[in-house]
Amino acid sequence: MEKVEKKYSAFMNFLRTPTPTLIGIYLVMLILFSLTSKNFLAIQNIKGIFNNFAVYGIIAAGVTVVMIGGGFDLSVGSTAGLAGIVSAVLLMKNIMVPTPVVFLIAIAIGCLVGLINGLIITKVGINPIITTLGTLAIIRGVCYFWANLNPRILNVFVQNLGRIYIGNVFPITTVYIIVAFVILTLVLKFTRFGRDLFTIGGNENLARLAGIPVDRIKIISYVISGFFCSIAGLLLISQLGSGRPEYGTGAELEVLTIIVLGGVVVGGGKGNFLGVFIALIIIQTISNGMVLLDVPVFMRTVVKGALLVLVISIDAIRNRKNLQLY
Amino acid sequence: MAEIKAAEVLGRKKSRLNNTATLFIILVAMFGVFSYVGRPFFFSKLNIIPMLNNLSFIGIIAAVLTMVMVSGEIDFSVGGNIGLTACLVALLLSKGLPGWLVVIIALSGGLLMGAFNGMLVTVIGVNSIIATIGTMFIWRGIGYTLSNGESMLAINPVIDFIGRGFIFKVIPFPIVLLVIIFVVTYVTMSHSKWGRKIYAIGANPLASYLSGINVKKVKFVSFLLCGATAALGGLILTSLSAVGMPQHGQGLELVIVSSIILGGTALGGGRGQILGTLAGVLILSILYNFLTIMNVYYFYIQIVQGSVLILVVSTYEIRQAMARRRI
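Everything numeric here is computed off the predicted structure, so don't read it as measured data.

Trainee: Just checking my understanding: could you explain the overall build of chain B for this structure?
Mentor: When helices and strands are counted, chain B shows 14 helices and 4 strands. Rg of the C-alpha trace for chain B: 20 Å, near the compact-globule value of 20 Å for 327 residues, within the 12% margin. Counting only C-alpha atoms, chain B reaches 60 × 50 × 40 Å along its principal axes. Across the 327 residues of chain B, 50% fall into the buried class.

Structure (structure tokens):
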């Protein structure tokens, strides 16, 4: 409704995301946890915090791309589960597919799921929430085809994939996340694909009129999401040491929470990976702190939900440009 | 989406009728085929009555959630609401409170949850998808905390009657509730000023505001009612299973939202019919019941669930695209 959007500097734009609120809450929690639990600042614990968020972080990388383009991907947990269990089955002793081939197959599965999601969403024109809700159920069902095989991961290379610590301190999974986030940031900032994606997220009709191949860009964003899901699936079986069909259940909600807290706007057009990364660390620290403080496991769900509601509410109030009439 | 809306206005009445009628034809056909293929179990009193009981709370919630969705919002927290209500009921009964008081407290609890959602969406202005995903966590977590993660017996004459009682010794009480809720919501949506307002808000909130509709009030009341009916659904489920568990209603929001969308309600609001929702609920419930009777594994049912959702919405989208081309 307003006439001219005021130009803000990058720093001011950052202040307008939910991230500063989140950092405020984080600092309070950090002080609280450090004072009440002497194990919180132990190096062993911090290592654990960083290694624990690998799967959600990798998935969040892909979903952030989709959400910036105005899409939605709820099928990520199932896709990671499918890539994980298929690779685990292929790595079983009596099948013995070479490891690189297994990796390629896992990635192909993820990309294929993303491609299917993207085709249904763009070519048929179904709402992305509905489409991915559907594929979530379908893919999870497919995972259960291998339910009674119960494969264990004995392959050392795959085992190390998600468990190595660089210099015995820094988890390699965090390196993956940082690399993924940096590459995606560069891609979104400096390539035509990235700029088109932001345009589509901002105003899809406008992007179409401006001659941007909207459908193609959107499909690519879903394929990227599927690709990162397959990597997350490999990390899952690596860290857990086995393949089970239920791996990754509920990841979509965790990831959605992280991304929204990280300042990516539902509906697209706004968002950056720095915010998502900060949100990722914060969510993990809070989960970890609650474990150390012996918060009952059921209360942790309440706290997580309340945090989401709180941050989003503060964000909504702060960013209200004019009186909201309807 | 703007250009689609214009096309819809031109061909609205006719196409809506067609969609709902088609759904009921599909429903009757499915029922016939299933009765034949699944004989003698499918079409027997032992199957039909429990199936209707199980579908009653889904239908009750779906009817009111349709109102919320037509107004352009969504409520994912209904499943969590059921879990919290179930635990609350069982906890209060174990403390020795009389049944009627427990029912009143449970329904007021539902109203409170609805009010909280409504406040987040209307007063604070949070996107309803995100807000209700957050409150879904909160309700479910409180349910777990209340019950300490255990399932508690919930046996009391009043509570028993809600899910397992009979009116005139033949009609199950949940079915009566289902019919009442559907009649009330149907009349509200199709024949009252309030219903007109909901459709108007869903189609264009700004225009509705400018023409003098209190948009926030209408949305808030829809959320309020949705919370209360979800609590009623929780009461029915608690009564049917005779236990209050925090896991009650887990994943139910997806079944309910699928049914509503299958019934022809648009996600962005402004389009949808209560009768369509009824057809959607019946079709999905009958389908899952049939698959269970035919001894299909649960994970195959999951695959069917997802495929049905995508297929149904695709046909709608394709038909709409064809209608647009005609204009």
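Trainee: How do you make sense of the overall build of chain A when you look at a structure like this?
Mentor: What chain A contains, in helices and strands, is 15 helices and 2 strands. Along the first, second and third principal axes, the C-alpha atoms of chain A reach 65 × 55 × 35 Å. For chain A, the proportion of its 326 residues judged to be buried stands at 49%. Contacts in chain A between residues at least 24 apart in sequence constitute 79% of all its contacts with a sequence separation of at least 6.

Trainee: Can you walk me through the interface of chain A and chain B in this structure?
Mentor: The parts lose accessible area when they come together, and the size of an interface is often stated as this lost area. Counting residues at the interface gives 40 residues for chain A, matched by 41 residues for chain B. Elements that contribute at least two residues to the side of chain A that touches chain B include exactly helix H6 (99-124), helix H7 (128-143), helix H13 (251-261) and helix H15 (297-318) of chain A. The dominant element in the side of chain A that touches chain B, judged by the number of residues it contributes, is H15 of chain A, at 13 residues. The residue makeup of the side of chain A that touches chain B, split by class, is 27 nonpolar, 10 polar and 3 charged.

Trainee: Even after reading the chapter, I still don't get helix H7 (residues 157-164) of chain B, so can you show me in this structure?
Mentor: One full turn of an α-helix is made of 3.6 residues, so residues set three or four places apart face in the same direction. Those residues of H7 of chain B that fall on the buried side of the exposure criterion are Ile159, Ile162 and Gly163 of chain B. For H7 of chain B, the angular spread of the buried residues around the axis is 80°, confining them to a single face.

Trainee: Would you take a moment to explain the nonpolar core for this structure?
Mentor: Note that soluble globular proteins tend to have their nonpolar side chains buried in a common cluster. Counting residues in each nonpolar core, the largest one holds 185 residues, and the members touching the most others are Ile58 and Ile59 of chain A together with Val89 of chain B. Those residues in contact with Ile59 of chain A that lie beyond four places of it in its chain are Val76, Ala80, Phe228, Cys229, Ala232, Ala251 and Val255 of chain A.

Trainee: Would you mind showing me how to read the packing of helix H9 (residues 193-203) of chain B against helix H11 (residues 215-241) of chain B here?
Mentor: Each packed pair of helices is defined by two parameters, the angle between the axes and the distance between the axes. Residue and element names in this part refer to chain B. Look at H9 against H11: their axes get within 10 Å of each other, and the N-to-C directions meet at 110°. Compared by their axis directions, H9 and H11 come out roughly perpendicular. Contacts between H9 and H11 involve Lys197, Ile198 and Ile201 on the former and, on the latter, Val215, Val218, Lys219 and Ser222. For the contact of H9 with H11, a count of residues per class yields 4 nonpolar, 1 polar and 2 charged.

Trainee: What's the story with the environment of Asn160 of chain A in this structure? I'm lost.
Mentor: Following the sequence through the fold, Asn160 of chain A ends up in helix H8 (residues 156-161). For the pair formed by Asn160 of chain A and Leu235 of chain A, sequence separation is 75 residues and the distance between their alpha carbons is 9.4 Å.

Trainee: Where do I start with unusual backbone geometry in this structure?
Mentor: All names here are of chain B. Positive phi values are uncommon outside glycine, yet Ala242 reaches one of about 65°. Considering the arrangement of structural elements, one finds Ala242 in the loop between H11 and strand S4 (243-244). With a phi close to 65°, Asn295 is a non-glycine residue in the positive phi region.

Trainee: In this structure, what is going on with the packing of H13 of chain A against H15 of chain A? I would like to understand it.
Mentor: Residues and elements named next belong to chain A. Between H13 and H15, the least distance of the axes is 10 Å, while the angle of their chain directions is 30°. On the basis of the axis angle, H13 is roughly parallel to H15. The element H13 and its partner H15 pack so that their crossing is left-handed. Taking contact as the criterion, the partners of Thr257, Val260 and Leu261 in H13 are, on H15, Lys304, Leu308, Val311 and Ile312. Looking at the contact of H13 with H15 residue by residue, the class counts come to 5 nonpolar, 1 polar and 1 charged.

Trainee: Can you help me understand H13 of chain A in this one?
Mentor: Counting buried positions along H13 of chain A yields 10 of 11 residues, so the element is predominantly enclosed. Taken together, the buried positions of H13 of chain A are Ala251, Glu252, Glu254, Val255, Leu256, Thr257, Ile258, Ile259, Val260 and Leu261 of chain A.

Trainee: In this structure, what is going on with the confidence of the model for chain B? I would like to understand it.
Mentor: Residues and elements named next belong to chain B. Chain-level statistics for chain B give a pLDDT mean of 84 and a share of 94% at 70 or above. When pLDDT is averaged over each element of chain B, H11 comes out on top at 92 and helix H1 (residues 2-10) at the bottom at 47. The model gives residues 9-17 a pLDDT under 50, and that stretch makes 4 contacts with residues more than four places away or in other chains.

Trainee: What is the right way to look at the environment of Leu253 of chain A in this model?
Mentor: Within the fold, Leu253 of chain A resides in helix H13. Separated by 41 residues in sequence, Leu253 of chain A and Asp294 of chain A have C-alpha atoms that sit 24 Å apart.

The rules behind these values
Residues numbered from 1 in each chain as written. Chains lettered and ligands numbered in written order. Predicted model: local features only at pLDDT ≥ 70, side-chain atom pairs only at ≥ 80, totals over all residues. Helix = DSSP H or I, 4+ residues; strand = E, 2+ residues; numbered from the N terminus. Rg over C-alpha atoms; globule rule 2.2 N^0.38 Å. Buried ≥ 20, exposed ≤ 12 C-beta atoms within 10 Å, placed from the backbone. Contact = placed C-beta atoms within 7 Å. Nonpolar A, V, L, I, M, F, W, Y, C, P; charged D, E, K, R; others polar. Arc of directions from axis to C-beta. Core = buried A, V, L, I, M, F, W, Y, C linked by C-beta atoms within 7 Å. Axes fitted to C-alpha atoms, helices over the stretch in contact; angles between N-to-C directions. Parallel < 35°, antiparallel > 145°, perpendicular 65-115°, else oblique. Left-handed = near helix turned anticlockwise from the far one by under 90°. pLDDT = per-residue confidence, 0-100.

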